[in-house]
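Coordinates in review
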Amino acid sequence: MLKRFTLDLDEGRVRPAIQVSTYDDIVPALEVLGLYTSSPVLVIIGGASKLKENDYARLQSLFVEVLAPLAQALNMTVVDGGTDAGLMKLIGEARQTVGATFPLLGIAPTGLADFPSTPFPLADDNCALEPNHTHFILVPGQEWGCESPWMAKAATIIAKDQPSIAVLANGGEVTWKDALQNVKAHRPVIVVSGSGRTADVLSHALNGDITDDRARELLKSNLLRSIDMSEDFQSISQTLHQILGV
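Residues numbered from 1 in each chain as written. Predicted model: local features only at pLDDT ≥ 70, side-chain atom pairs only at ≥ 80, totals over all residues. Heavy atoms only, no water.

1. Notes on the pairing of strand β9 (residues 164-169)
Let me state the cut-off plainly: Think of it in three bands: with a 1.4 Å probe and only protein chains considered, a residue is buried below 20% of the maximum accessible area for its type, exposed above 50%, and partly exposed in between. To qualify as a helix, a DSSP run of H or I must reach at least 4 residues; to qualify as a strand, a run of E must reach at least 2; elements of each kind are numbered from the N terminus. When DSSP finds two or more bridges between two strands, those strands count as paired. By convention, orient the strands away from the viewer: a clockwise path from the first strand over the helix to the second makes the crossover right-handed.
Among the 6 residues of β9, 6 are classified as buried, and the element is accordingly described as predominantly covered. Alternating positions in β9 separate into two faces, S164, A166 and L168 on one and I165, V167 and A169 on the other, with burial throughout. The sheet contact formed by strand β3 (residues 41-46) and β9 spans 6 bridges and is parallel. Its bridge partner lying in β9, V41 is registered against S164. As defined by bridge partners, β9 adjoins strand β10 (residues 189-193) across 3 bridges and the pair is classed as parallel. Counted as the bridge partner of L168 is V191 from β10. Note on the crossover from β9 through helix α5 (residues 173-184) to β10: the handedness is right-handed.

Structure follows, in C-alpha cells:
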C-alpha cells in the first residue's frame, strides 16, 4: 500500500514523497512521482568519510564539474539514499550549484529518515533528508542498507531500455551491499579511485591486489571499472560518456 505525502524541508522546499511497503509498490510509486519514464540513470553509492580536506574538496569538485553536468546534459534521473550526508549531500549541493533540473530521487528507510513532523519512530543513528533532492521514497527498515535493493530496483525500472551506471566513491559497510545490488542488476559500477575506504579497496582489487573476498565476488561480474579522482575532469567525463554509450 502506498502512502503519499509532502515533505516541508529547509527554506520552504516542499518535496513529494511516497511510503512503500513491498517491492510491488515501486512501479506505482514512481508513477505517482512522475518518474516512471524511460531515462538514463545515475546511481550514487558510497560516502565521504575520513577524507583529508583536499581530497574532500576534490571529490566535491567531481560532483560539481562532472557528475551533475553529466546528469543534466543527458537528462538523467539520479538515484541515491536521500540523506543530508556524504555523497548524497554532495550531489544535492552540486545540483543546486550548477542550477540543474534533473530529477534527484532519494530512497531511505522509514526508521532512519528524519524530517519535520515525521510520524515514524526513529533509530538513534537517524539522519535528516537532503533538501535539494526533488523526490523521496521511504522504504521499510530501521538499519542503513535496507534501502540498497530498493535503490537498485528503482534505477532499473526508471531506466527501462536506457543506459544506467552506478558511481561508487569512498564508503563503508553499506557500500558493499549497494555495489552488490547494482551488480545483480547488471549495472556497471564505476569506482572512484583515490576517494578512500571501500572505493580504494575495490580499485586496488581491479589492479590485482585483492584484500577482501567481497571484492573478489564483485570482480566476477566484469561490471566494475575505475576512474582516478586525480585525473583531468574532462577525461573522466569522456570516460563516463563512453561507458554509457552516449
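2. A look at the nonpolar core
Across soluble globular proteins, you tend to see nonpolar side chains buried next to one another. Worth spelling out the cut-off: Joining through side-chain atoms within 4.5 Å is the link that ties buried Ala, Val, Leu, Ile, Met, Phe, Trp, Tyr and Cys residues into a set, and such a set is a nonpolar core. By the convention used here, residues are in contact when the closest approach between their heavy atoms is within 4.5 Å.
Ranked by size, the top nonpolar core spans 35 residues in total, and within it L105, I107, I137, L168 and L202 carry the most contacts. Here this core gets 6 residues from one element, more than from any other, and that element is helix α4 (residues 148-159). Excluding its chain neighbours within four sequence positions, the residues that come into contact with I107 are V79, D80, G81, G82, I137, V139, E147, W150, M151 and A154.

3. Side note on the packing of aromatic side chains
Under the convention used in this document: Only the six-membered ring of Trp is used, alongside the rings of Phe and Tyr, when aromatic pairs are assigned; centres must lie within 6.5 Å, and planes under 30 degrees apart are stacked while those over 60 apart are edge-to-face, with the rest tilted. Counted as over-ring charges are cases with an Arg CZ or a Lys NZ within 6 Å of the ring centre that also lie within 35 degrees of the ring normal.
Under the criterion given, the structure shown has 3 aromatic pairs. Ring plane angle 40° and centroid distance 4.4 Å describe the contact between Y23 and W150, whose orientation is recorded as tilted. Taken together, the residues span a long stretch of sequence, with Y23 in the loop between β2 (14-19) and α1 (26-33) and W150 in helix α4 at a distance of 127 residues. Ring centres of F115 and F120 lie 6.3 Å apart, and the angle between their planes is 75°; this geometry places the pair in the edge-to-face category. Take F120: its relative accessible area is 14%, and that puts it in the buried class. Ring pairs connect the aromatic residues F5, F115 and F120, which therefore count as one cluster. In this arrangement the basic side chain of R95 is found over the ring face of F102, its NZ or CZ atom lying 5.5 Å from the centre. Against the face of Y23 rests K153, its NZ or CZ located 5.0 Å from the ring centre.

4. A closer look at helix α2 (residues 53-73)
So the rule is basically this: The length a helix should cover is 1.5 Å for every residue beyond the first.
Between its first and last C-alpha atoms α2 spans 29 Å; for 21 residues at 1.5 Å apiece the expected length is 30 Å, and the two agree. Turning to α2, its buried residues number three or more, namely L59, L62, F63, V66, L67, A68, L70 and A71. Packed against the buried residues of α2 are β3, β4 (77-80), α3 (86-98), β9, β10 and α8 (233-244). Taken from the residues just after α2, N75 is the one with a positive phi, measuring 55°.

5. Examining unusual backbone geometry
At K160, a position not held by glycine, the phi torsion is positive, near 55°. Since its relative accessible area comes to 39%, K160 is described here as partly exposed. A positive phi angle is found at N170, which is not glycine, with a value near 55°. Here N170 is to be found in the loop between β9 and α5.

6. A short note on the sheet that holds β10
Put simply, the rule is: Here an angle of 0 to 180 degrees is reported between the N-to-C directions of two axes, which are lines fitted to C-alpha atoms, with helices fitted over the stretch in contact.
Strand order in the open sheet formed by 9 strands is β1-β2-β8-β5-β4-β3-β9-β10-β11, with mixed pairing between adjacent strands. A single partner strand is all that each edge strand has here, and the edge strands are β1 (3-8) and β11 (224-228). On average, each strand axis in the sheet is inclined to that of its neighbour by 25°, with strand direction left out of account. Strand direction decides the pairing type here: β10 and β11, joined by 5 bridges, are parallel. Note on β11: the bridge partner recorded for V191 is S226. Taken strand by strand, α2 contacts β3, β4, β9 and β10, and its axis lies near 160° from that of β3. Against the sheet, helix α6 (residues 197-206) engages β9, β10 and β11, with an angle of about 105° to β10.

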